[in-house]
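Chain and residue survey
This is what each chain is made of:
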Amino acid sequence: MPEILGLIIGTIITLMIFSYLLGDNGLYRWALALLVGSAVGYATGIAVDFVWQQWITPALSNTDPAANLTYTVPLLLGSLLLLKGFPPARFLGKISVLGNIPLGYLVGVGAGVAISGALTGSLIPQVLATGQGIRLDAGILELLQGGVVLVGTLSVLLLFAGRPKSQPLGRETLSISQRSIRQLGGFFLVVGLGAAFAGAITSALTAMVIRLSQINDLAHWLMSSVGR
Amino acid sequence: MSSQLAALALVLIGTVALTVYGMGLRRKKPRGGGLVPAFGGLANEVGRVAEEGATIHVALGSGGLLDENGLTSIAALEGLSALTELSAAYETPPFITTGDPTLFLIADNQLRDAYARLGNLRNYKSGLVRYTAPSPMLYAAMAATLCFDEPVGTTIILGAFDQEASLLTSAAVTQGEKLFGGATSAVGLATLYSDIGEDQLVVGEKMFAGGAEVTGRSAFLASLSAEDLLRWVVVAGILVAACASLAGLGG
Amino acid sequence: MFRWFIPTAIAVVCGFLVLLGYLLPVPALASIRVVLVRWATVLGAFALLLAYGSVLRVHLPRIFRKQSRHRVASSLLIGSAVVSLLLVLTQGPGGALVQAIVKSVLIPGESALLALTAVTLVLSGMRLLRTRRHISSAVFIAVTALYLFVAVPIALPRVLEVILQFVDAAATGGMRGLLLGVVLGIVMTGLRIILGIDRPHSGG
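Every value quoted in this text rests on a predicted model; they were computed, and no experiment measured them.

Interhelical geometry of helix α6 (residues 140–159) of chain A versus helix α11 (residues 218–246) of chain B gives an angle of 170° and a closest axis separation of 10 Å. It follows from the interaxial angle that α6(A) and α11(B) lie roughly antiparallel. In contact with A:L143, A:L150, A:T153, A:L154, A:L157 and A:L158 of α6(A), α11(B) contributes B:R231, B:W232, B:V234, B:V235, B:I238, B:L239, B:A242 and B:L246. Of the residues in the contact of α6(A) with α11(B), the class split is twelve nonpolar, one polar and one charged.

Printed below as a string of structure tokens:
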């Protein structure tokens, strides 16, 4: 029974969301509000649970000062961050500048994580994959494909190279080689975007099929229940 | 391990290049402008929209400071700095929506500071920067409702977006709003490509030139030059890897 | 002092430690990096509390002043309060009711929104030729159409298969070039922050 109840609720929400295809309307808004409310509540609940269970409770029960410090520092920074919530014109708003300290911490750590992730997770593997696509032992067709990938990667990468001194992009004076690279890069970029666009439509259509099949399942269940 | 060392080498090259170019440009009095037309056009929108009695909606997406898209969001905000400054001066504040709590804080901070620099902090309203939902799809759907509920004249979709951006563009097009935008992912860019004109679209890496375009600060321009240097290092790396593979040394 | 100097110093030191913790094979640095990143997740949770405050600030006045869409605002706030209280006070994240809400409300809802983008994307694709009257638009549409056509599970002629492989290679090259450029932008933006040149935490 709980499965059927879940199926009914999911189908109703799906139909309310799909009503947007007729234009912005109250049903769509109501479903969206319910979804956003549940999602915000879920995320906030997880956050509160995480801070309480994994940080505040151990901080209160721990007697070792050194270990306690590892719990206290982030909680202190978090408390300073909460000062950012006060309206700026009031007194507490004026001390909200202290919230810049945890914000600086977040920005710094985020930058460190992002740089290392971008370099070791994206740049270096992609550079190697592009170079290693050119292989003599794989056959002529694969070699040519590897060549196309190589030319595409380089031309798009060079599409953004250099910066015009004063003229807007596309209207600056360019040498013939620069213009050729830009045209080639532009072509490869558009092909890449076309493929990405098709991928987006395909994934959306897959979701559509799943939603419609759920509605179909419910309709079958209802008809078989009525038949009984 | 070797990829970590290669990454470290790139970081060192970038750091040295940024310092050297920065010192060079400081002496030359550089100027921005003309780098990315879309960013240049954003500030003009403030006056245009204010004359219409409308407002601007800036959708920053869901790229949070602690994920891989955090710096994309920061770059987007830097490109919007002229717009936020002007909005504070015109008293036609934009609505800024975000789908990540840390990005919400940074965006709120930037808008607050723009008001504070003009001594206009009393007029700052906390609801101008809004956190709308915790997932990209819900964020875009909820942020798109602003197009119907508020007198939005221009929608700017700038930051880490994927196909959810089409919910925003479709609402903006339905309401006849002017669109600006840019994304760094192929899917996000492809989604925006259909609805946003060439001069209003920020393509991929150009997102990171926004700060240089609108502020003209030597540090930002030096960063672009250092980025170009790294680009040539990467090109060389690809060619070396290709030659090694051809010689049967890859694997 | 508190506006930018201390926050920037903290951003620089923490940024460097995290970056070096990833890139240098020094166990002590790696342990420091783990601690710093764990602390940052705690701050992320606090940021979510502030963000929840923003949701309340936007929707509560609508309810109290009976502004337009006040019923929608009430269902949003009631939904969020019920789910968060259920999660915190009674069941925790793995509770049966919380999981039921996730499975029968959140997952179908998000999936329906994703499905909705099938229509919005196709419509925006149709608008493309109006936005850009350029040869690149024709290439974009042709590539999209080709990929959608081959997504249908039918046997393709050999020629089309070969063409598709080359289009695939061109698309891979295009996307890879885009990605590499973005990574360079990310690296330089991050380095500006870690070197203290750029201060987004104190308004730029």
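After that view of the structure, there is still more to cover.
Right, let's talk about the pattern of salt bridges for a bit. As a working rule, side chains carrying opposite charge can pair if their charged atoms are close by. Residue and element names in this part refer to chain B. Within this structure, the stated rule accounts for 15 salt bridges over all chains. We note a salt bridge from R112 to D108, for which the minimum N-O separation is 3.2 Å. A residue pair is termed a helical-turn pair when its members lie 3 or 4 positions apart in one helix, as R112 and D108 do in helix α5 (residues 101–117) at four residues. In this structure, the salt-bridge partner of R130 is E150, at a minimum N-O distance of 3.9 Å. With R130 in strand β3 (residues 129–131) and E150 in the loop between α7 (146–149) and β4 (152–160), this pair connects stretches of sequence that are 20 residues apart. Overlapping salt bridges, with partners in common, bring together E45, R48, E52 and K178 in one network.

Attention now moves to the interface of chain A and chain C. Contacts between the two partners involve 105 residues from chain A and, on the opposite side, 99 residues from chain C. At the surface where chain A touches chain C, the tally comes to zero salt bridges. Our count for the chain A to chain C interface comes out at ten residue pairs in polar contact (both at pLDDT 80 or more). Considered class by class, the residues forming the side of chain A that touches chain C number 71 nonpolar, 29 polar and five charged.

Right, let's get into helix α2 (residues 26–61) of chain A. For α2(A), with 36 residues, the first-to-last C-alpha span of 50 Å sits near the 52 Å given by 1.5 Å per residue. Along α2(A), the sharpest change in direction is near 35° and occurs at A:W52.

Residue and element names in this part refer to chain B. In spatial order, the strands read β3-β2-β1-β4-β5-β6; together these six strands make up an open sheet with parallel pairing. Pairing within the sheet leaves two strands with one partner each, and these edge strands are β3 and β6 (201–203). This sheet shows a mean twist of 15° between the axes of neighbouring strands, independent of strand direction. In terms of strand pairing, strand β1 (residues 55–61) meets strand β2 (residues 95–98) through three bridges, oriented parallel.

With that settled, the discussion passes to the packing of aromatic side chains. Residues and elements named next belong to chain A. Enumeration over the complete set of coordinates arrives at eight aromatic pairs over all chains. Plain terms: the ring middles of W55 and Y71 are 5.6 Å apart, the flat faces sit at 70° to each other, and that makes the pair edge-to-face. With W55 in helix α2 and Y71 in helix α3 (residues 65–82), the pair connects residues that are 16 residues apart, well separated along the chain. For the pair W55 and Y71, a shared accessibility class is recorded, and that class is buried. A centroid spacing of 5.7 Å and a plane angle of 75° characterise the contact between F187 and F188, whose relative ring orientation is edge-to-face. Assessed through its relative accessible area of 42%, F187 is described here as partly exposed. The class of F188 is buried, set by a relative accessible area of 7%. An aromatic cluster is present here, built from F50, W55 and Y71 joined pairwise through their rings.

A rise of 1.5 Å per residue sets the reference length of α11(B), with its 29 residues, at 42 Å; its end C-alpha atoms lie 42 Å apart and thus fit the reference within 8%. Just beyond α11(B), the residue with positive phi is B:G248, at close to 80°.

Calculation criteria
Residues numbered from 1 in each chain as written. Chains lettered and ligands numbered in written order. Predicted model: local features only at pLDDT ≥ 70, side-chain atom pairs only at ≥ 80, totals over all residues. Heavy atoms only, no water. Axes fitted to C-alpha atoms, helices over the stretch in contact; angles between N-to-C directions. Helix = DSSP H or I, 4+ residues; strand = E, 2+ residues; numbered from the N terminus. Parallel < 35°, antiparallel > 145°, perpendicular 65-115°, else oblique. Contact = heavy atoms within 4.5 Å. Nonpolar A, V, L, I, M, F, W, Y, C, P; charged D, E, K, R; others polar. Salt bridge = Lys/Arg side-chain N within 4 Å of Asp/Glu carboxyl O. Polar contact = N/O pair within 3.5 Å; in protein donor to acceptor, adjacent residues only side chain to side chain. Expected span 1.5 Å × (residues − 1). Bend = angle between axes of the 7 residues up to and from the residue. Pairing = 2+ DSSP bridges. Phe/Tyr/Trp six-rings, centres within 6.5 Å; stacked < 30°, edge-to-face > 60°. Buried < 20%, exposed > 50% of the residue type's maximum accessible area, 1.4 Å probe, protein only.

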